[in-house]
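Coordinate analysis (summary)
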2 protein chains.
Amino acid sequence: MSTKNKILDAAESLFADKGFNGTSLREITSQAEVNLAAVNYHFGSKKELIKAVMSRYMNELSPRLESALVDVCNNDELTLVDVFSAFIEPLLSLNDFKDNGTSNFLQLLGRGYTDSQGFLRWFLTTQYPGVIDNFVLAVQKAYPELGAEEMFWRLHFTMGTVVFTMSSSDALIDIAKSDFERDLQISDVIRNVIPYVAAGVGAPMPVL
Amino acid sequence: MSTKNKILDAAESLFADKGFNGTSLREITSQAEVNLAAVNYHFGSKKELIKAVMSRYMNELSPRLESALVDVCNNDELTLVDVFSAFIEPLLSLNDFKDNGTSNFLQLLGRGYTDSQGFLRWFLTTQYPGVIDNFVLAVQKAYPELGAEEMFWRLHFTMGTVVFTMSSSDALIDIAKSDFERDLQISDVIRNVIPYVAAGVGAPMPVL
DNA sequence: CGTTATTTAAAACGCTTGTTTAAACTGAGC
DNA sequence: GCTCAGTTTAAACAAGCGTTTTAAATAACG
């Protein structure tokens, strides 16, 4: 395996565990068993390394997500559960692309929203706008009465639910095991969260 | 104002803005206009300072929350919206206790769940278990069909929604202003999120 | 084989971090 | 007025950070 990929793999798992700010280049290069200077040689800076880690996933995920969302729009009796379920297969396909890919990616997404004052939010929304656009279209078709402003809020709430859940999914799976003697996978967590966010987005419009 | 309180106030607003790890003691003491060593003199360590900032809020908030949740359980036709609405008044009362208290507290809560590998989660759940217990009781009364396992998941999803939303509430309010020309407050965000989480927790049980 | 470009290696740089030290100051109480 | 605990101060500490530099090792190619 190339030095570049060893760095990407190590950075990915450490970033997911301890956040971007909380992970040092020395930890990364030590786990990757490469020299410290290799990061700056191959990527230029830590910030560029973060972008590279995220891009590796997004380049794999975003076309699959977009086409899944376009597909689901052909459904004539589209429900919000259908829309959110469209995420399952593309997300789980990350596990083929890389072991534990789903978990790491969603955790990284969560980190990006809270670490580093939202520069990753800017990065994703500007670099991969197609996913968001198609998602909004699908939600609009499934729930046409939802106004633009409510849509804005509820999609952010949903992002929060998913991102937060996934960034602590390991802990949640542990608790589920000890409290309910359930051996769950990340896919079970995803399937659990879908009825929740679908109901949240589909909540009746409040009378203000 | 005492040095101790000057430190607490400065730490609070900086922690809310930039996270616990992202804020240095030098920034805090500089904004508080006190000497750097004063933090370690009065609080012992940065970690203890974080706990002190959170405790100042929780000691104010937790009895009000508990009694509001007990009160709402007297409602014979209790809905989930009622349960979540019980949080509004205690949270907004933090603004009397301190300017911008609600905003700061909820942002701090969000930080605590993502920064510092969840030590704050442990701190809150072990130090203030009464709030959680009463909350679970209220949800059970409003939605008795909800099983213990579903309850567990949905309460965590809700925690995620609220915590994530509030930790990025400033950014969301900014976007709402530029996109919809709305001048919103933190209380508007709270009122917006309630129908969402109530619908999420109240989602029909999935048929597995 | 020899030369050139690429990659690794170790060390150091300048800076920031949380914490500690030791001295100076402050203000009651005797 | 002196004492002494309680505070504040400036300076320094050791450790960790991202990054840069210099030299050695490796690979590619004519």
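Residues numbered from 1 in each chain as written. Chains lettered and ligands numbered in written order. Predicted model: local features only at pLDDT ≥ 70, side-chain atom pairs only at ≥ 80, totals over all residues. Heavy atoms only, no water.

Observations concerning the packing of helix 4 (residues 46-72) of chain B against helix 6 (residues 88-97) of chain B
Residues and elements named next belong to chain B. Just so we agree on the cut-off: As a rule, the C-alpha atoms of each element are fitted with a line to give its axis, helices using only the stretch in contact, and angles between N-to-C directions run from 0 to 180 degrees. Helix numbers and strand numbers start at the N terminus; a helix is a DSSP run of H or I with at least 4 residues, a strand a run of E with at least 2. In this scheme, a crossing is called left-handed if the near helix is turned counterclockwise away from the far one by less than a right angle; it is called right-handed if the turn is clockwise. Only heavy atoms matter for contacts: two residues are in contact if any of them lie within 4.5 Å across the pair.
Relative to each other, helix 4 and helix 6 sit at 140°, their axes nearing to 9 Å. Crossing hand, helix 4 versus helix 6: right-handed. Contacts from R56, Y57, E60, L61, R64, L65 and A68 in helix 4 reach P90, L91, S93, L94 and F97 in helix 6.

Considerations on the pattern of salt bridges
What counts here: Salt bridges are defined as contacts in which a side-chain nitrogen from Lys or Arg sits within 4 Å of a carboxyl oxygen from Asp or Glu. Only protein chains enter the accessibility calculation, which uses a 1.4 Å probe; a residue whose area is less than 20% of its type maximum is buried, one above 50% is exposed, and one in between is partly exposed.
Evaluated as defined, the whole model comprises 16 salt bridges over all chains. Ionic pairing is found between E149 of chain A and R182 of chain B, a salt bridge with its closest N-O pair at 2.8 Å. A residue pair is termed interchain when its members come from two chains, as with E149 of chain A in helix 10 (residues 148-167) and R182 of chain B in the loop between helix 11 (169-180) and helix 12 (186-201). Classification of E149 of chain A as partly exposed rests on a relative accessible area of 23%. Of the charged contacts, one joins R56 of chain B and E12 of chain B as a salt bridge, the two residues approaching to 2.9 Å between their closest N and O atoms. Of this pair, R56 of chain B sits in helix 4 while E12 of chain B sits in helix 1 (residues 3-18), and the two are 44 residues apart along the sequence.

Overview of the protein's contact with DNA strand C
Spelled out, the test is: The rule for a residue being near a molecule or strand is that one of its heavy atoms must lie within 4 Å of it. Throughout this description, a polar contact denotes any pair of N or O atoms lying within 3.5 Å of each other; where both atoms belong to protein, one of them has to be capable of donating a hydrogen while the other can accept it, and for residues adjacent in sequence the pair is counted only when both atoms sit in side chains. Lys, Arg, Asp and Glu make up the charged group, whereas Ala, Val, Leu, Ile, Met, Phe, Trp, Tyr, Cys and Pro make up the nonpolar group; the residues left over, Gly among them, are polar.
Close to DNA strand C lie 15 residues; T3 and Y41 of chain A together with L25, R26 and K46 of chain B are nearest. A share of 49% is what sugar and phosphate atoms reach among the atoms of DNA strand C within 4 Å of the protein. Here a phosphate oxygen of DNA strand C sits 2.2 Å away from a polar atom, N or O, in the side chain of T3 of chain A. Interatomic distance of 3.4 Å between a side-chain N/O atom of N40 of chain B and a phosphate oxygen of DNA strand C. Breaking the surface near DNA strand C down by element, the ones donating at least two residues are helix 3 (37-43) of chain A together with helix 2 (25-32) and helix 3 (37-43) of chain B. Of the residues that constitute the surface near DNA strand C, the class distribution is five nonpolar, seven polar and three charged.

Concerning the interface of chain A and chain B
Here is the rule: Simply put, the buried area is the total loss of 1.4 Å probe accessible area from both parts when two parts are fitted together.
In this complex, chain A contributes 39 residues to the contact, which on the side of chain B involves 41 residues. The contact between chain A and chain B buries some 3700 Å² in all, and 71% of this surface belongs to carbon and sulfur atoms. In this structure, the connection of chain A to chain B is made through two salt bridges. One can count five residue pairs in polar contact (both at pLDDT 80 or more) joining chain A with chain B. For the side of chain A that touches chain B, the secondary-structure elements that each account for two or more residues are helix 7 (101-114), helix 10, helix 11 (169-180) and helix 12 (186-201) of chain A. No other element matches helix 10 of chain A, which puts 15 residues into the side of chain A that touches chain B. Taken together, the residues that form the side of chain A that touches chain B break down as 22 nonpolar, ten polar and seven charged.

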